[in-house]
Amino acid sequence: DIFSSDMLCSLNVIRVGNRGRNVYPFYVAIKKMTAVSRYDYILHIHTKRSKHDPILGNNWLAHLMGNLMCSAHFIRNLFLMMEEKSVGLVFPEVLSLHYASYNWRGNKMLAEALAKQTDIDIEELDKPFSFPAGCMFLAKAKSLEKFASLKLDENSFPAEPIPIDGTLAHAVER
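Report follows, based on the coordinates.

So, how was this worked out
Residues numbered from 1 in each chain as written. Predicted model: local features only at pLDDT ≥ 70, side-chain atom pairs only at ≥ 80, totals over all residues. Heavy atoms only, no water. Helix = DSSP H or I, 4+ residues; strand = E, 2+ residues; numbered from the N terminus. Buried < 20%, exposed > 50% of the residue type's maximum accessible area, 1.4 Å probe, protein only. Contact = heavy atoms within 4.5 Å. Areas by Shrake-Rupley, 256 points an atom, 1.4 Å probe, with all protein chains shown as cover. Pairing = 2+ DSSP bridges. Core = buried A, V, L, I, M, F, W, Y, C linked by side-chain atoms within 4.5 Å. Salt bridge = Lys/Arg side-chain N within 4 Å of Asp/Glu carboxyl O.

### Regarding the overall build of the chain
- If you tally the helices and strands in the chain, you get six helices and three strands.
- Across the chain, helices and strands are ordered from the amino to the carboxyl terminus as α-β-α-α-β-α-β-α-α.
- Put simply, the chain has 174 residues, and 41% of those count as buried.
- Within the chain, contacts between residues at least 6 apart in sequence are counted, and of these 74% link residues at least 24 apart.
- Here the chain has roughly 10400 Å² of accessible surface; of this, 55% comes from carbon and sulfur atoms.

### Overview of the pairing of strand β3 (residues 137-140)
- Across the two faces of β3 the burial is the same, with Phe 137 and Ala 139 and Leu 138 and Lys 140 all buried.
- Across two bridges, the pairing between strand β2 (residues 89-90) and β3 is antiparallel. Bridged to Val 90 within β3 is Leu 138.

### So, the nonpolar core
- Core analysis: the largest hydrophobic core is formed by 43 residues, its most contacted members being Phe 26, Ile 30, Ile 42, Leu 144, Phe 147, Leu 152 and Phe 157.
- Secondary structure elements with two or more residues in this core: α1 (23-32), α2 (54-66), α3 (72-82), α4 (108-118), β3, α5 (145-149) and α6 (168-173).
- The leading source of residues in this core is α1, at six residues.
- Aside from chain neighbours lying at most four places away, what touches Leu 144 is Phe 26, Ile 30, Ile 42, Phe 137 and Ala 139.

### A word on the pattern of salt bridges
- For the structure on display, the rule yields five salt bridges.
- We note a salt bridge from Arg 21 to Glu 160, for which the minimum N-O separation is 2.7 Å. Of this pair, Arg 21 sits in the segment before α1 while Glu 160 sits in the loop between α5 and α6; the two residues are 139 residues apart in sequence, bridging distant segments of the chain.
- Taking relative accessible area as the criterion, Arg 21 reaches 28% and is therefore assigned partly exposed.
- Glu 173 serves as the salt-bridge partner of Arg 174, at 3.6 Å between the closest nitrogen and oxygen.
- By relative accessible area, Arg 174 is classed as buried at 12%.
- Residue classification places Glu 173 among the buried residues on the basis of a relative accessible area of 9%.

Okay, here's the thing in structure tokens:
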């Protein structure tokens, strides 16, 4: 069992509704963990459904999970990567079938508004950049503090169905 590793001292599962795809539920979960700093690492995984293209969704889920949790040895290696001071988040490579480029697409204005709330400078990201497309990753808890500080609520995210890109959830993902 992957979760029997001695590297995992506790596992906290929080069930929340589906608003903002997986991003708003994750935000709620982070907020419910009143002291995010009491955790060393946070693994964000979800069901990754795609109503507009179920085959792609299933392939994408398999790709993301296979590149985050394929074996206990692989997971140990992810944690070893996280020991580097400069690493705050690790995530699978972008599934090339879905994202042909690493850019803002229609999400930059929304991301700029979020960046202002957190004092993050995103101006350097006008060139191609990598992001956790599909929003599954292993992160140092400390690296998520600015995300947790955002002022968001359920109404910040549109109700389903939402477009495949260009929403607040997609801006947060980047």
